[in-house]
Amino acid sequence: MNLKDTEKKYGAFSKLLHWGVALTIVGMFALGYWMRTLDYYSKWYMKAPHIHESVGLLLFIVVPIFLFWRLKNQNPDDSYLKPYEKLTSGLMKIALYVLMIALLISGYLISTAGDTPVALFNWIELPALITVNESKVLIGNIHQYMAYFIILLAIIHALAAFKHHFIDKDKTLSRMLPFVKIK
Ligand code: HEM
């Protein structure tokens, strides 16, 4: 098993980061959506945002590692793609990275808007290093709409991967899947 990406396929570390981040983002979306429906008397009213905030902080470490690792590594060969596919897939990857980082920053700013620290589970508290004068509600709305947008893009991105796999029958999806041998 290759740790690094090669011309043929993504390596184990990129796959781990991609699927870890993808599943976490979908989970964070579901958690964020659900926690906004809770009322004050629910036992999850305080717990759910605490988990959402803590996992968001972990993503703050993992997403830059994902981006850095990919920038430092080789891009798997995409010469079999049509020019418009190369362009759209490149733009989609940039949009996903930019949105992930923007979501993390806006999430951090919601937590610190009241000048309160952000807790990483019950282990450590990070001080409010950056605070803005905007209201929590405004930043919260921006964060929420960006979350809807990244999920929409992720659905389009997944549909494109399935189109490559089932219609074009090429290696685009297979080389991102674990335990699949690429010839
Ligand atoms: C929230 C969910 C997701 C996010 C944020 C996400 C993000 C990304 C990013 C940033 C890349 C680019 C990696 C690079 O730097 O080369 C990528 C590649 C890829 N993703 Fe996702 N992804 C998500 C979900 C999915 C799903 C559900 C599938 C398939 C069912 C998928 C299939 C792929 C494939 C096949 C590639 C490689 C594309 C290529 O070789 O050009 N992703 N993803």
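Residue positions are given per chain, counted from 1 along the sequence in the order it is written. It should be noted that, the model being predicted, local features are given only for residues of pLDDT at least 70 and side-chain atom pairs only at 80 or more, the latter also being counted only at that level, while totals for whole chains, interfaces and linings use all residues. The basis for every side-chain value is the complete set of heavy atoms in the structure, and neither hydrogens nor water enter the calculation.

**Student:** Explain the confidence of the model for the chain here, please?
**Tutor:** Should the pLDDT be low somewhere, the predicted coordinates at that spot are not to be read in detail. A residue-level look at the chain finds 99% of positions with pLDDT of 70 or above and a mean pLDDT of 93. Known as pLDDT, the predictor's per-residue confidence is scaled from 0 to 100. Helix and strand definitions here come from DSSP, where helices need a minimum of 4 consecutive H or I residues and strands a minimum of 2 consecutive E residues; each element is numbered from the N-terminal end. Per-element averaging of pLDDT across the chain places strand β2 (residues 124-126) at the bottom with 83 and helix α1 (residues 12-35) at the top with 98.

**Student:** Help me understand unusual backbone geometry, please; the structure alone is not making it clear to me.
**Tutor:** Both trends apply: most residues other than glycine have a negative phi, and most peptide bonds are in trans. Residues other than glycine seldom take positive phi values, yet Phe121 does so here, at roughly 45 degrees. For each residue, the accessible area found with a 1.4 Å probe, counting protein chains only, is set against the maximum for its type, and the residue is called buried under 20%, exposed over 50%, and partly exposed in between. Judged by relative accessible area, which is 24%, Phe121 ranks as partly exposed. Although it is not a glycine, Phe179 adopts a positive phi angle of roughly 60 degrees. Along the chain, Phe179 falls in the segment after α4 (136-167).

**Student:** Would you take a moment to explain the packing of aromatic side chains for this structure?
**Tutor:** A ring pair, where both rings are aromatic, is described by two values, the distance of the centres and the angle of the planes. Stacked, edge-to-face and tilted are the three classes for Phe, Tyr and Trp ring pairs, Trp counted by its six-membered ring, which pair at centre distances within 6.5 Å; planes under 30 degrees apart are stacked, over 60 edge-to-face, the rest tilted. Scanning all chains against the criterion turns up 11 aromatic pairs. Between Phe162 and Phe166, the aromatic rings sit 6.2 Å apart at their centres with planes inclined by 35 degrees, giving tilted as the arrangement. Here Phe162 and its partner Phe166 are both found in helix α4, four residues apart, which amounts to about one turn of the helix. Given a relative accessible area of 42%, Phe162 falls into the partly exposed group. Grouping aromatic residues by their ring pairs yields a cluster made of Phe29, Tyr33, Tyr145 and Tyr148.

**Student:** Explanation requested: the layout of surface pockets in the structure shown.
**Tutor:** Rolling a probe over the atoms, with the probe sized like a water molecule, indicates the empty space that remains. Taken as a whole, the largest pocket encloses approximately 1,400 Å³ of empty space. Of all the secondary structure elements, the ones that give two or more residues to the lining of the largest pocket are α1, α2 (44-72), α3 (83-112) and α4. It is α3 that contributes the most residues to the lining of the largest pocket, 12 residues altogether. Gly is put with the polar residues, along with every residue not named as nonpolar or charged; the nonpolar set is Ala, Val, Leu, Ile, Met, Phe, Trp, Tyr, Cys and Pro, and the charged set is Asp, Glu, Lys and Arg. Split by residue class, the lining of the largest pocket holds 30 nonpolar, eight polar and seven charged. In this structure, the second largest pocket encloses a volume near 1,200 Å³. Only protein atoms enter the 1 Å grid used here, on which a cavity is any set of points holding a 1.4 Å probe that cannot leave and a pocket is any open set flanked by protein within 12 Å on both sides along at least five of seven lines; residues with an atom within 4 Å of a point are listed as lining. Lining the second largest pocket are 39 residues, with Met35, His52, Gly107, Ile110 and His143 sitting closest to its centre. Every element with two or more residues in the lining of the second largest pocket is listed here: α1, α2, α3, β1 (118-120) and α4. Grid points are joined across faces, edges and corners, and a volume is the space filled by probe spheres set on the points.

**Student:** Sorry, what's going on with the site of the ligand here?
**Tutor:** One heavy atom suffices: a residue is near a molecule or strand as soon as one of its heavy atoms comes within 4 Å of it. For the ligand, the set of nearby residues contains 19 residues, the closest of which are Tyr10, His18, Arg70, Tyr97 and His157. Within the contact set of the ligand, an oxygen atom lies 2.7 Å away from a side-chain nitrogen or oxygen of Tyr97. Each polar contact in these results corresponds to two N or O atoms within 3.5 Å; when the atoms are within protein, one needs to be able to donate a hydrogen and the other to accept it, and residues that are neighboring in sequence are counted only if both atoms are side-chain atoms. Within the side chain of His157, one N or O atom sits 2.7 Å away from a nitrogen atom of the ligand. What decides whether a molecule sits in a cavity or pocket is whether more than half of its atoms lie within 2 Å of the grid points. In this structure, the ligand is accommodated by the largest pocket. If one sorts the elements of the shell around the ligand by residue count, α4 sits on top with five residues. Taken together, the residues of the shell around the ligand sort by class into 13 nonpolar, three polar and three charged.

**Student:** Quick question: what am I supposed to make of the packing of α1 against α4 here?
**Tutor:** Whenever a helix is involved, its axis is fitted only over the stretch in contact; in every case the axis is a line through C-alpha atoms, and angles between N-to-C directions fall within 0 to 180 degrees. For the pair α1 and α4, the least separation of the axes is 11 Å and the interaxial angle reads 135 degrees. With respect to each other, α1 and α4 are oriented oblique. Both α1 and α4 take part in a crossing whose hand is left-handed. Residue-level inspection shows His18, Ile25, Val26, Phe29 and Tyr33 of α1 in contact with α4, the latter providing Ala147, Tyr148, Ile150, Ile151 and His157. Angle categories: roughly parallel below 35 degrees, roughly antiparallel above 145, roughly perpendicular from 65 to 115, and oblique for all the rest. Each crossing gets its hand from how the near helix is turned against the far one by less than a right angle, where anticlockwise is left-handed and clockwise is right-handed. Whether two residues touch is decided by their heavy atoms; if any such pair falls within 4.5 Å, the residues are in contact.

**Student:** Got a minute to help me understand α2 in this structure?
**Tutor:** An α-helical turn contains 3.6 residues, so a residue and the one three or four places further along point in the same direction. Here the expected length of a helix is defined as 1.5 Å per residue gap, with one fewer gap than residues. For α2, built from 29 residues, the straight-helix expectation of 42 Å at 1.5 Å per residue is met to within 8% by its first-to-last C-alpha distance of 41 Å. Note that bend, as reported per residue, equals the angle between axes fitted to the 7 residues terminating at that residue and the 7 residues originating from it. The sharpest bend along α2 comes to roughly 25 degrees, located at Leu59. Three or more residues of α2 are buried, namely Ala48, His52, Ser54, Val55, Gly56, Leu57, Leu59, Val63, Phe66, Trp69 and Arg70. The inward-facing, buried residues of α2 abut α1, α3, β1, β2 and α4.

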